[in-house]
Amino acid sequence: MNDTAVVARTGPDSARRRVAVVTGGGRGIGSTLVRALAEQSTRVVIADVADEGQLLAKELTAAGHEVVFHPTDVADESSVEALAALCRDRFGRLDVLVNNASIYRGLGAKRPFTEITPAEWERVLRVNVTGVWLVTRGLVTLLRESGGGRVINIASSTVHMGVPGFAHYVASKGAVIALTRSLANEVGRDGITVNAIAPGLVANESSLELSGAEYVPAAAARRAIPRDMNPDDLVGTVLFLASGGSDFITGQTLVVDGGVVFS
Ligand SMILES: NC(=O)c1ccc[n+]([C@@H]2O[C@H](COP(=O)([O-])OP(=O)(O)OC[C@H]3O[C@@H](n4cnc5c(N)ncnc54)[C@H](O)[C@@H]3O)[C@@H](O)[C@H]2O)c1
């Protein structure tokens, strides 16, 4: 995909303005990414199981952006097919896919791997890994037909650090990094790049729920840049990976953590 394809257009040419799907875009980090893409004049589809996406789409539409909510379960094949149909029918194109949805907040308290049940393990792997595969599989044809595109997978620096207490989650994000590399090789010839971002601990509600209030400042203190990480800290990297400036980067994982992991 060249620069002309990724730079947002306005006015009468709006039929060619780029389109992005953000899974799990209804709340948390995903909602920050939706706002950032919309502010770049990208038309955005929020694909989320949570109803918050509806409110966000309303708010951004009222502010003059083109943002739609499509209730989507990334772990469900027919739901993903409906998402693909919405993108095709409403926009006729797709340029950027951000695979951000995951079970993170819903993980419950951290616990030894021996206390994770098989059902919990399978559910986390189903949403966090199979979901990335299903959504990318469902939308890749439209990306190809649009002349190429960008797939950005949200992984986690817990993979690099081997963080204990939620082995199913860490394993799932390791698989997202592996999938990123494999898919990159399969779609590079179509002008599609596939990259991952591995965020460090973000000081948001989900992290507080999972790790407790003391963990967030402790994580900040470990960083080369010793402060809290906010969802906004991911915006520049996502916009870069969604832009023509990253045309020749694929299969990579960018760690964005303020300097804990040096990969
Ligand atoms: N918060 C952090 O510290 C942190 C750190 C590293 C990576 N991440 C990753 O960043 C991403 C966003 O994290 P967050 O903190 O905003 O988490 P979050 O749990 O607040 O948000 C996850 C979003 O995914 C949606 N979702 C869950 N299951 C879904 C499904 N089956 N189909 C569609 N949508 C679904 C949720 O409704 C929610 O909107 C996740 O991939 C997470 O693993 C978060």
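What comes next is a walk through the structure. Just so it is clear, the model here is predicted, and its values are computed rather than measured. (Residues numbered from 1 in each chain as written. Predicted model: local features only at pLDDT ≥ 70, side-chain atom pairs only at ≥ 80, totals over all residues. Heavy atoms only, no water.)

### As for the nonpolar core
Phase 1 of the analysis: Membership of the largest hydrophobic core comes to 47 residues, with the highest contact counts inside it found for Val-21, Val-45, Leu-83, Cys-87, Leu-107, Leu-139 and Phe-166.
Phase 2 of the analysis: Elements represented by at least two residues in this core include exactly strand E1 (19-23), strand E2 (43-48), helix H4 (77-90), helix H5 (118-145), helix H7 (167-187), strand E6 (192-199) and helix H9 (215-221).
Phase 3 of the analysis: No other element matches the nine residues that H5 contributes to this core.
Phase 4 of the analysis: Sequence-distant contacts of Val-45, defined by excluding residues within four places in its chain, comprise Ala-20, Val-21, Val-22, Val-68, His-70, Leu-83, Leu-86, Cys-87 and Phe-91.
Phase 5 of the analysis: Listed in part, the 29 residues of the second largest apolar core include Ala-36, Val-202, Val-235 and Val-256. (Core = buried A, V, L, I, M, F, W, Y, C linked by side-chain atoms within 4.5 Å. Buried < 20%, exposed > 50% of the residue type's maximum accessible area, 1.4 Å probe, protein only. Helix = DSSP H or I, 4+ residues; strand = E, 2+ residues; numbered from the N terminus. Contact = heavy atoms within 4.5 Å.)

### Focus on the sheet that holds strand E7 (residues 253-256)
Phase 1 of the analysis: The parallel open sheet is built from seven strands, whose spatial order is E3-E2-E1-E4-E5-E6-E7. Strand pairing shows two members of the sheet lacking a second neighbour, strand E3 (67-71) and E7, which therefore form its edges. Direction aside, neighbouring strands of the sheet carry axes that sit 20° apart on average.
Phase 2 of the analysis: In this sheet, E6 lies alongside strand E5 (residues 149-154) in parallel orientation, the contact comprising six bridges. Residue pairing for E6: Arg-150 is matched across the bridge by Thr-193.
Phase 3 of the analysis: Sheet contacts for H4: E1, E2 and E3; angle to E3, the most-contacted strand, approximately 155°.
Phase 4 of the analysis: Packing against the sheet, H7 makes contact with E5, E6 and E7, and its axis sits at approximately 165° to E6. (Pairing = 2+ DSSP bridges. Axes fitted to C-alpha atoms, helices over the stretch in contact; angles between N-to-C directions.)

### Describing the packing of H5 against H7
Phase 1 of the analysis: For the pair H5 and H7, interaxial distance at closest approach is 9 Å and the crossing angle is 20°. Relative to H7, H5 is oriented roughly parallel. Considering only the axes of H5 and H7, their crossing is right-handed. Across the interface between the two elements, Glu-120, Trp-121, Val-124, Leu-125, Asn-128, Val-129, Val-132, Trp-133, Thr-136, Val-140 and Arg-144 of H5 pack against Ala-167, His-168, Tyr-169, Ala-171, Ser-172, Lys-173, Ala-175, Val-176, Leu-179, Leu-183, Glu-186 and Val-187 of H7.
Phase 2 of the analysis: Residue classes in the contact of H5 with H7 are distributed as 15 nonpolar, four polar and four charged. (Parallel < 35°, antiparallel > 145°, perpendicular 65-115°, else oblique. Left-handed = near helix turned anticlockwise from the far one by under 90°. Nonpolar A, V, L, I, M, F, W, Y, C, P; charged D, E, K, R; others polar.)

### Notes on the pairing of E3
Phase 1 of the analysis: Along E3, four of the five residues are buried, which leaves the element largely enclosed by surrounding structure.
Phase 2 of the analysis: Bridge count for E2 against E3 is five bridges, and the pairing is parallel. Looking across to E3, one finds that Ala-47 is bridged to His-70.
Phase 3 of the analysis: The handedness of the E2 to E3 crossover, carried by helix H3 (residues 52-62), is right-handed. (Right-handed = clockwise from strand over helix to strand, strands pointing away.)

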